[in-house]
Every structure is written in structure tokens, then in C-alpha cells.
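# Summary of structural features
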Amino acid sequence: MAAFAPPPGTADIFPAESGSWRFLENTAAKVFSAYGYGELRTPIFEYTEVFQRGLGGETEVVQKEMYTFEDRGGRSLTLRPEGTAGVMRALTNTDVANGTEQRVFYYGPMFRGERPSAGRRRQFHQIGVENVGRCAALIDAECIAMLHNFLISAGITGAVFTINTRGVAADRAPAEAVLREYFSKHINEMCPDCRTRLERNIWRILDCKQECCQPIIDSAPSYLDSFSEESKAYFEEVKAALTRLNVPFKVSSRLVRGLDYYVHTVFEVTHDALGEQIAIAGGGRYELFLPGEKRPLPGVGFATGVERLLMVREALNAPVPDAAKADCYLIGLGAAARMENLILADTLRKAGKNIALELEERSFKAQMRAANRSQAAYTLIRGESEMEQHIAIVKKMDDGSQCEVADKDLEKYLLEHI
Ligand code: HAM
């Protein structure tokens, strides 16, 4: 049979791994709900303008990475490349526009047409949060501290938090002037992408990864000095709160983040296990204009990459949650025994027991092997002679002890013992 691989940059998640996925999702739900967040599920595709307008037409994601198609009526739809824009679109239908704070979290697949590599997928999964409707430094600090708390609860120690401020719209022009004056002097020594960025989006020069650009970027003058006093004070308040909350962080003026919607605080989290180039989480404060809305909505949030969190957990040898083990394995020899076992399994499963059983004709030896593999604590055996005597044998697997139980008492016995 031909081997069918999933499309490049996608993957199947088999039951052996999905326990770890569920562990992360459950941990997130538990930690986030302690901060008052509730789950929001939005569609996996949206009208394209939700992302174009939300993320900014100049961003790499919008320009190069979106999976866009037309519906039957000719409207342009896009598979969501991230969660924030869709969440904001959904929340405009609530009373958030009147200043009521909304705290939501989400998890699910996101789609970006990137070149696949280790930790970079075309369908990847995020666990994220958005706190929408308000703007305050302490809200940003609380959000970053919650991410820190989530990572620790998920068994991820040693994460490195880097933060920066992007100021507000009015801070950008003077800061860009400082950067432009400096970089235009050095642009001939820089990579071709940076030459384009100088004209189109000078901030993106700061996160260029090309070797030749590093010394030039490292010596760039600080643009923070040209930010307003309010913006500087806002950032100071975020840093002071994080220190009081015991969240270790470093500050880097090179952190600008790839999406256009950010203002004030931005942050990214990396881990030595994956290196500095691969972020396990990123986020910040933003203002998002949505189609039909005149005023932008303020918010702060982050998203973690689930595949990357799992890679770190593996590198740290974090304990993998136990796969669900059967409480009892039912062995049946002969059609009548198998039918009785199927009915018994149905009753026990409805009572919440985890039951595995063989429903095809197989030898006793093969069924016993399967029972051992299932790691069930008990095995029930019903062969032809047990059927004739209206009994079953119940075997305790750890010490091999066994007893005969009459059919009429079987259900009660198993519910009490397994
Ligand atoms: P982002 O930095 O584009 O931010 O993505 C967040 C995280 O998603 C990254 O740190 C990374 O772990 C993961 N990720 C991104 N692209 C891929 C990929 N191709 N393969 C695997 N993992 C990936 C956002 O998406 C913002 N919406 C975060 C946010 C929420 N900002 C405010 N609120």
C-alpha cells in the first residue's frame, strides 16, 4: 500500500502524543480561568479583510503567508493565520466596545504558508489569550505573569522572557527619524531585505537575522529616548510590576514583533532547548481596527506555539501524562462469549469504566497478549466451559490471583473491584 504522508508542514497527532496536547490544553484552561478568562471558539476561516485590516497589509503574514480562497459567492476568505484578529471580530459583537473588559482564551489550529522546518509548520496550533477593552500597564504585567505561571505549570522551566515597548502611534515618527538617520548611513553594508525595509517598514530592520546586519543593528542609537514621557512611564510601570511579581525578564530594543497592531508593551519567550530564533510564545498590547469600526479596540494578549512547547517539554524530559489504561480487558472465546462481553462492556463503560475487549475470533494466547499490552489491572475470561457454567474468571493482573464469579453477580462484582 502506498504511504500517504500529510501535506508538507502538517502532521497527524496520534493517541500516543495527544495525551500531552490535552495536558497542555487542560493546564491552560485551569491557569487562565484563575485569572478570570473564559474560552472563546471562533471560526477557523474569516473574511480576508479581518486579517488584512487587523494585522496590517504590510506584514509578512498578510503579504506572503495566508491561505486565501473564494467562497461560492466570490467573497474572499482566509484560513486564520493567528487568533487575535478573529477574537476581536467576535468581541465587537459584545459590549466590549462600551469599555467592558473581556478576558478570553482559545486554542486551535492556525495556518501560515511558511517554509516548513523544525518547529515551523503550515498548520500549527496556538494556545492564546486576549484581554480586550482596557489599557493599563498593570494589565500588561498581569498578562505576562499569567504566561509565566502557565509555562511553569506546564513543566516548562527556564523560559527566557524578553520585553520591549513600541510606544504609541505618535511616538513612531520621531523614533523612525532617529533610526532612518542612522540606518541610511549604513544601508549599503546591509542585506537586500533591509534595504527594502528602510523604505517600507524601518522597524523590521531591528529584527533582521542576517549576519552582516548584526553589528550595525547592535550599534543603532536608542529610539526610546524620543518616545513621549507617558509612553516611557508606561513601560517603567510594566517592568516594575513584573519585578514585584517575580517574573524574570530582559529588555531588548530590537524586539519589534512581526505584526503591525502592537503598541506599548511587546514580549517574546524563548528557551535554550530550541535556541533564540524559535519563539515559544509572543504577544503584547495592541490596538485593532476592525471593518466597520471607527475607533480601535485596545487589548493585550499572547499566543504560545503548542508544537514548540511540546518540543521543549521533551527536551526537558518533562513527565508525559499517562495514556488512559483500561480498567479491565474482556477475553471471549466463541461467538456467544463475545456477545456477552460486548453487553457487559457497554454496561461498565456507561458506569465510567475504561474497558478493552476482543470482538473477533482470536486464540486465547493472542487475547492474553493483548490484555497484557493494554496494561489493564484486571482481565475477565469467558470461554465455552465458563459459558456453560454461567460464570466468568476474573484475574487480577499484578499478582495473578483469580476467582470465579457467577454471571448474575458479575456486574456488581466488577463495579466494586475494578
Ligand atoms: P506570533 O508571534 O505570530 O503571534 O505567534 C505566536 C506563537 O505561535 C509563536 O511564538 C510560535 O510559538 C507560534 N508559531 C507561529 N508561527 C508558527 C509556525 N509556522 N509553526 C509553529 N509555531 C508557530 C501571534 O500569533 C499573535 N496573535 C499573538 C498575540 C496574541 N498577540 C497579542 N495577542
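Keep in mind the model is a prediction, meaning the values are calculated, not measured.

## Here's the deal with the state of the cysteines
Evaluation of the coordinates by the stated rule reveals zero disulfides. With no disulfide of its own, Cys191 has Cys194 as its nearest cysteine by sulfur position, at a separation of 3.7 Å.

## Let's talk about the nonpolar core
Core analysis: the biggest nonpolar cluster contains 41 residues, and Phe32, Val129, Leu147, Phe150, Leu151, Ile280 and Phe302 have the highest contact counts within it. Looking at this core, the elements with two or more residues in it are α1 (15-34), β6 (123-132), α5 (137-153), β7 (160-165), α9 (229-244), β9 (262-270), β11 (297-305) and α10 (306-315). When residues of this core are assigned to their parent elements, the largest contribution, ten residues, is made by α5. When near neighbours in sequence (up to four residues on either side) are disregarded, Val129 contacts Phe32, Tyr37, Val104, Phe105, Tyr106, Cys143, Met146, Val300, Gly301 and Phe302. Core analysis: the next-biggest nonpolar cluster, separate from the first, contains 25 residues, Val50, Met66, Val104 and Leu255 among them.

## Notes on helix α12 (residues 364-373)
Taken as a whole, α12 has its buried residues at Ala366, Gln367, Met368, Ala370 and Ala371. Turning to α12, the residues buried within the fold contact β12 (328-332), β14 (378-382) and β15 (391-396). At the C-terminal side of α12, Gln375 shows a positive phi close to 55°.

## Observations concerning the pairing of β15
Taken together, the four bridges between β14 and β15 define a ladder with antiparallel strand orientation. By the bridge assignment for β15, Tyr378 is matched with Lys396. By the bridge criterion, five bridges tie β15 to strand β16 (residues 402-406) in an arrangement that is antiparallel. From the neighbouring strand, Val394 faces β16, where its bridge partner is Cys403. A loop of five residues connects β15 with β16, the two strands running antiparallel in sequence, and Gly400 in this loop sits at a positive phi of about 75°.

What counts, and at which threshold
Residues numbered from 1 in each chain as written. Predicted model: local features only at pLDDT ≥ 70, side-chain atom pairs only at ≥ 80, totals over all residues. Heavy atoms only, no water. Disulfide = S-S within 2.5 Å. Core = buried A, V, L, I, M, F, W, Y, C linked by side-chain atoms within 4.5 Å. Buried < 20%, exposed > 50% of the residue type's maximum accessible area, 1.4 Å probe, protein only. Helix = DSSP H or I, 4+ residues; strand = E, 2+ residues; numbered from the N terminus. Contact = heavy atoms within 4.5 Å. Pairing = 2+ DSSP bridges.

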